[in-house]
Amino acid sequence: MTSSSTGGIPLRPLGRTGLEVTILGLGGGHMSRPNLSEADSIRLVQQAVDEGVTFLDNAWEYWD
């Protein structure tokens with residue numbers, strides 16, 4: 001049986017960490033687009049979390 005997040009998104013192991021994360025994640029590039037205000041970026045993250053996303057990809061490469 002596959003486990004899923006509170007929003008119903010299937011979970012998978014994150015490498016050998018012992019953690020399970022959603023198979024869908026939110027990339028940092030989506031949060032830092034020039035046409036998004038800080039408030040819009042915050043709403044985007046909040047919506048993803050509300051929908052059950054547990055994996056956020058936040059690499060330094062997304063900055064600047």
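Given the structure is predicted, the values throughout are model-derived calculations rather than measurements.

## Details of the pattern of salt bridges
Then step 1. Considering all chains together, one arrives at 1 salt bridge under this definition.
Then step 2. With a closest N to O distance of 2.3 Å, R43 and D40 form a salt bridge. Within this pair, R43 and its partner D40 are both found in helix 2 (residues 38–50), separated by 3 residues, close to a single helical turn.

## Here's the deal with helix 2
Then step 1. Given a rise of 1.5 Å per residue, 13 residues ought to cover 18 Å, and the 18 Å separating the end C-alpha atoms of helix 2 matches this to within 8%.
Then step 2. Downstream of helix 2 by one or two residues, G52 has phi in the positive range, about 105 degrees.

## A few points about the environment of S3
Then step 1. Residue position: S3 is located in the segment before strand 1 (11–13).
Then step 2. In this structure S3 comes out as partly exposed when scored by relative accessible area, which is 32%.
Then step 3. Between the C-alpha atom of S3 and that of E20, which follows or precedes it by 17 residues, the distance is 9.0 Å.
Then step 4. With sequence-adjacent residues up to four places away left out, S3 is seen in contact with I9, P10, L11 and E20.

Calculation criteria
- Residues numbered from 1 in each chain as written.
- Predicted model: local features only at pLDDT ≥ 70, side-chain atom pairs only at ≥ 80, totals over all residues.
- Heavy atoms only, no water.
- Salt bridge = Lys/Arg side-chain N within 4 Å of Asp/Glu carboxyl O.
- Helix = DSSP H or I, 4+ residues; strand = E, 2+ residues; numbered from the N terminus.
- Expected span 1.5 Å × (residues − 1).
- Buried < 20%, exposed > 50% of the residue type's maximum accessible area, 1.4 Å probe, protein only.
- Contact = heavy atoms within 4.5 Å.

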